[in-house]
Amino acid sequence: MAHGVSTTYDSLPRPLSTAAVIAVGSELLTPFRTDTNSLAITSRLDAAGIRLLYKAVARDSIADITRAIADAAARADLVIISGGLGPTADDLTRDAIAAFAGVALVEDPALVAALQARFAARGIAMPEINRRQAMVPEGARPLANPLGSAPGLLLERADATIAALPGPSRELVPMFDALVESTLAPRSAGTPLVRRVLKISLRAESAVDEIAAPIYLPYEQHDPPIETTILAAPGLVELHLQCRTADTAAGQRAVDALAGELEAALAPACFTRDGLNPEEALGALLGARGLWMATAESCTGGIVAATMTDVAGSSAYFRGGIVAYDNAVKMSALGVPEDLLRAHGAVSEPVARAMADGARLHLRADVAVAITGIAGPAGGSDAKPVGTVVVAATGLDRERVRTFRFIGDRALVRAQSAQAALDAVRRLILDL
């Protein structure tokens, strides 16, 4: 029981094999916000054996949300809606569900009491506007939200099951996990999806596929068949292996076998076969070896340090970072000799090596990585064009120093530089 709302749901009879996701919010149709909830939803549906057919975004309009629900219900067994359950006038998901179902909205006294108790626990009176969150379409049941004020909704109809969840991910994800476990997965009529994700650093997509395709193509005729998708990001290529089968153990064995073959063929560029982001995989490696890492960044301006500290628990292995954009800071904060800068220039292997050594010394780390380069659009020369980046990793009585010529705009050069830095530390530790 949470805030007076039941956290258990009776089993519903409708079998579920397909789903559609609707993200509600006018802001998701602008350049400033992106729907990310559907990624978490898709992952959980795959594991439950419910196939996602499509995603849609609807602006804050009763007519548009209602139309989106109707379209989704005509195509899928399960319709999942995220967002639009707040207390303000533009939170219209409840209204749209009621309009689609042709029922009235009814205030739920238990929800009102739960909302009032939530505000009282914070020592404030509930604003009257929050009563909107206690309005429930007739026939729907509220879903408990232990982390927020907006209850979810579950409506069972002959044409589709409709689940509405709040927009904030920190609220949506645990609510959806509970709903999948208690109600959706037991009614799944599909087959679960098993997968592996390999991530390969600093290789072109075409170069990866040239090696990988002869290995994965025969598995498409395997029993069970394995589907492979190749995706490219700055400095990184991903191989997604997935298999849909009722015998999940056999499917996982087959996917693992293919992943092992691909990992061996793509070594040492393969960062992980477990779908981890590079910073997560590197953090796990540092933690397992009991090592401390530090960074010294020029052209990336702290991107590598920010990326490493995005991982929860990184304080156990990441010591800190120094952004040394100006040469004076390279000298004062990192101890780079002035004559080294004068002789070789800031974008050079000797300076990058000295930056890494300085960070390792001053931050008392076991390993350190330094980046210095020309991200553009200006600052390049014939000898050192835009995209010239030097990455140096030092420590453990060895070093890795390499000069890259990255292509793309400033953001792309910086992203590739950060990926190269993570890869350099990994290779240094593993002595690859």
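Residues numbered from 1 in each chain as written. Predicted model: local features only at pLDDT ≥ 70, side-chain atom pairs only at ≥ 80, totals over all residues. Heavy atoms only, no water.

## Thoughts on the overall build of the protein
Thought 1: A count of helical and extended segments in the protein gives 13 helices and 17 strands.
Thought 2: Out of the 432 residues belonging to the protein, those deemed buried represent 50%.
Thought 3: Residue pairs in contact within the protein that sit at least 24 positions apart in sequence constitute 69% of those at least 6 positions apart.
Thought 4: When the accessible surface of the protein is totalled, it reaches about 18700 Å², and 53% of it is carbon and sulfur.
Thought 5: Averaged over its 40 positive side-chain charges, the protein has a centre that lies 3 Å from the centre of its 48 negative ones. (Helix = DSSP H or I, 4+ residues; strand = E, 2+ residues; numbered from the N terminus. Buried < 20%, exposed > 50% of the residue type's maximum accessible area, 1.4 Å probe, protein only. Contact = heavy atoms within 4.5 Å. Areas by Shrake-Rupley, 256 points an atom, 1.4 Å probe, with all protein chains shown as cover. Lys, Arg positive; Asp, Glu negative; His and termini not counted. Charge placed at Lys NZ, Arg CZ, Asp CG, Glu CD.)

## Quick look at the side chain of Arg273
Thought 1: Counting through the fold element by element, Arg273 comes out in the loop between strand 12 (270-272) and helix 8 (278-289).
Thought 2: There is a polar contact of 3.1 Å between the side chain of Arg273 and the backbone oxygen of Asp256.
Thought 3: Within polar-contact distance, the side chain of Arg273 engages the side chain of Glu263 at 3.4 Å.
Thought 4: Leave out the neighbours within four places in its chain, and Arg273 touches Arg196, Val197, Leu198, Asp256, Ala259, Gly260 and Glu263. (Polar contact = N/O pair within 3.5 Å; in protein donor to acceptor, adjacent residues only side chain to side chain.)

## A short note on the sheet that holds strand 14 (residues 318-323)
Thought 1: Overall, mixed pairing links the 5 strands, which are arranged 14-13-15-16-17 in an open sheet. Since the sheet does not close on itself, it has two edges, and those belong to strand 14 and strand 17 (398-405), each with one partner. Within the sheet, the average angular offset between the axes of one strand and its neighbour, ignoring direction, is 10 degrees.
Thought 2: Of the strand pairs in this sheet, strand 15 (residues 367-373) and strand 16 (residues 388-395) are connected by 7 bridges, and their pairing is antiparallel. (Pairing = 2+ DSSP bridges. Axes fitted to C-alpha atoms, helices over the stretch in contact; angles between N-to-C directions.)

## Description of the pattern of salt bridges
Thought 1: Within this structure, the stated rule accounts for 20 salt bridges.
Thought 2: The partner of Arg342 in a salt bridge is Glu338, and the shortest N-O contact between them spans 3.1 Å. With Arg342 and Glu338 both in helix 11 (residues 338-344) and 4 residues apart, this pair spans about one turn of that helix.
Thought 3: Owing to a relative accessible area of 60%, Arg342 belongs among the exposed residues under this scheme.
Thought 4: Look at Glu338 and you get partly exposed, because its relative accessible area is 47%.
Thought 5: For the salt bridge of Arg353 with Glu399, the shortest nitrogen-to-oxygen distance reads 2.9 Å. Linking Arg353 in helix 12 (residues 349-362) with Glu399 in strand 17, this pair joins segments that are 46 residues apart in sequence. (Salt bridge = Lys/Arg side-chain N within 4 Å of Asp/Glu carboxyl O.)

## Description of the sheet that holds strand 9 (residues 193-201)
Thought 1: The 4 strands are arranged 10-11-9-12 in an open sheet whose pairing can be described as antiparallel. Edge positions in the open sheet fall to strand 10 (227-233) and strand 12, since each of these has one partner strand only. With direction set aside, neighbouring strand axes in the sheet form an average angle of 30 degrees.
Thought 2: Of the pairings in the sheet, the one linking strand 9 to strand 12 comprises 2 bridges and is antiparallel in character. Residue pairing in the sheet places Ile200 in a bridge with Cys270 of strand 12.
Thought 3: Strands strand 9, strand 10 and strand 11 (236-244) of the sheet are contacted by helix 6 (residues 205-216), whose axis makes an angle of about 170 degrees with strand 10.

## Let's talk about the nonpolar core
Thought 1: Of all hydrophobic cores here, the largest spans 33 residues; its most connected members are Ile22, Ile65, Ile69, Val79, Ile81, Ile97 and Ile162.
Thought 2: For this core, the secondary-structure elements that each account for two or more residues are strand 1 (18-24), strand 2 (51-58), helix 2 (62-75), strand 3 (78-82), helix 3 (93-101), helix 4 (109-121), strand 7 (152-156) and strand 8 (161-165).
Thought 3: Those residues in contact with Ile81 that sit more than four places away from it in its chain are Ile22, Val24, Ile69, Thr93, Ile97, Ile162, Ala163, Ala164 and Leu165.
Thought 4: Of all hydrophobic cores here, the second largest spans 32 residues; its members include Met293, Val389, Ala393 and Val413. (Core = buried A, V, L, I, M, F, W, Y, C linked by side-chain atoms within 4.5 Å.)

## Structural notes on unusual backbone geometry
Thought 1: Residue Pro268 follows Ala267 across a cis peptide bond; omega there is 0 degrees.
Thought 2: Within the secondary structure layout, Pro268 lies in the loop between helix 7 (248-266) and strand 12.
Thought 3: Omega for the bond connecting Gly376 with Pro377 falls within 30 degrees of zero, at 5 degrees, which places this linkage in the cis form.
Thought 4: With respect to the helices and strands, Pro377 occurs in the loop between strand 15 and strand 16.

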